[in-house]
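# Geometric and topological summary
Here is how the chains run, residue by residue.
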Amino acid sequence: MSPRPPSPRPSGSPLRPVGTVTRGTTNPNRLRRMDRWIAATHGAVLRRAADPLAVDLGYGAAPWTAVELLTRLRPAAPRVQVVGVEIDPARVAAALPYEREGLTFRHGGFEVPVERPPHLIRAANVLRQYDEEQVAAVWARLCARLAAPTGGGGKEGGGGPAGGSRDTGGLLVEGTCDEVGRRHVWVALGPEGPRTVTFAARLGSLDTPSDLAERLPKALIHRNVPGEPVHAFLRDFDRAWAAAAPYASYGARQRWTRAVRDLSADWPVTDGPVRWRQGEVTVAWGALAPRG
């Protein structure tokens with residue numbers, strides 16, 4: 001039996017996908033750190049939504065990340081639906097045999113060709129291949145597609161941009177990681193724009209926190225120079241890491257936690273020890289945003 005054709009594009013979507021074909025490099029389990037964070041910080045928004053929709057935008061040459069996103073979100077939001085969107089039609093055709101209940105694939109790009117505003121758009125390792133000058137327009141386009149806040153209540157845990165007692169609307173998570181997912185940095189954006197930056201790592205892979213600089217998203221990677229906030233942040237993080245060296249005898253996790261605790265005295269860290277122990281730290285976007 002031949003695979004069915006891709007789902008038709010929703011009415012009103014551009015006939016030609018917006019964007020360019022990327023290299024498509026992907027690996028199983030590559031986005032586990034990002035997925036774990038999304039489930040912890042945005043799971044309650046997905047769970048409360050009447051018809052929760054998540055988009056894996058630019059999943060690459062194989063559909064592993066979309067399959068894994070559904071698997072990791074379902075415990076937090078059992079009704080969530082995932083749509084994998086790829087600009088290369090051959091990749092969409094290759095992904096169709098992996099469709100299942102809650103998971104479909106569609107040809108498209110930054111126009112995000114889905115029938116309703118998504119509560120999550122994950123775009124990992126996509127904008128790294130674009131110019132820095134293009135990022136703001138892509139962010140604005142994707143944020144405009146997100147579900148709007150509903151004003152719903154209910155206390156959420158875990159910290160991060162979706163934490164608190166109100167529904168903050170859909171979330172765009174855009175960032176970069178290495179080929180096996182040990183080092184990852186992403187920006188979280190809501191319908192109103194950027195909110196936070198999260199640094200996440202397998203701590204045993206780091207000599208210093210500034211090793212994560214090579215995985216900064218496109219909006220920040222060229223700004224890691226003296227005079228820019230992200231450079232100052234990584235400098236201070238390295239200093240805090242060095243000062244926390246005595247904690248290394250208890251393990252890298254304890255050293256990271258102590259370093260982040262000290263760092264939070266001078267930088268607006270938005271999460272807490274539960275996330276720090278996962279090898280993460282999240283900082284308000286405004287503190288790291290490029291100058292000029």
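Residues numbered from 1 in each chain as written. Predicted model: local features only at pLDDT ≥ 70, side-chain atom pairs only at ≥ 80, totals over all residues. Heavy atoms only, no water.

## As for the overall build of the chain
The number of helices and strands found in the chain is 9 helices and 8 strands. Burial statistics for the chain: of 292 residues in total, 56% are counted as buried. Taking as baseline every contact in the chain between residues at least 6 positions apart, the subset at least 24 positions apart corresponds to 68%. Carbon and sulfur atoms provide 53% of the accessible area of the chain, an area that totals close to 12,200 Å². (Helix = DSSP H or I, 4+ residues; strand = E, 2+ residues; numbered from the N terminus. Buried < 20%, exposed > 50% of the residue type's maximum accessible area, 1.4 Å probe, protein only. Contact = heavy atoms within 4.5 Å. Areas by Shrake-Rupley, 256 points an atom, 1.4 Å probe, with all protein chains shown as cover.)

## Notes on the sheet that holds strand S4 (residues 120-124)
An order of S3-S2-S1-S4-S5-S6-S7-S8 is seen for the 8 strands of this open sheet, with the pairing classed as mixed. Of all strands in the sheet, those with a lone pairing partner are strand S3 (103-107) and strand S8 (280-284), marking the two edges. For this sheet, the mean angle separating the axes of adjacent strands, direction not counted, is 20°. Relative to S8, strand S7 (residues 193-201) runs antiparallel, the two being bridged by 5 bridges. (Pairing = 2+ DSSP bridges. Axes fitted to C-alpha atoms, helices over the stretch in contact; angles between N-to-C directions.)

## Let's talk about the pattern of salt bridges
Where side chains of opposite charge bring their charged atoms close, a pairing between them can arise. Scanning all chains against the criterion turns up 20 salt bridges. Between Arg 106 and Glu 115 there is a salt bridge, and its shortest N-O distance comes to 3.2 Å. Under the relative-accessibility criterion, Glu 115 is labelled exposed at 56%. Between Asp 236 and Arg 239 there is a salt bridge, and its shortest N-O distance comes to 3.8 Å. A residue pair is termed a helical-turn pair when its members lie 3 or 4 positions apart in one helix, as Asp 236 and Arg 239 do in helix H6 (residues 229-243) at 3 residues. Taking relative accessible area as the criterion, Asp 236 reaches 19% and is therefore assigned buried. Residue Arg 239 is classed as exposed on the basis of its relative accessible area of 55%. (Salt bridge = Lys/Arg side-chain N within 4 Å of Asp/Glu carboxyl O.)

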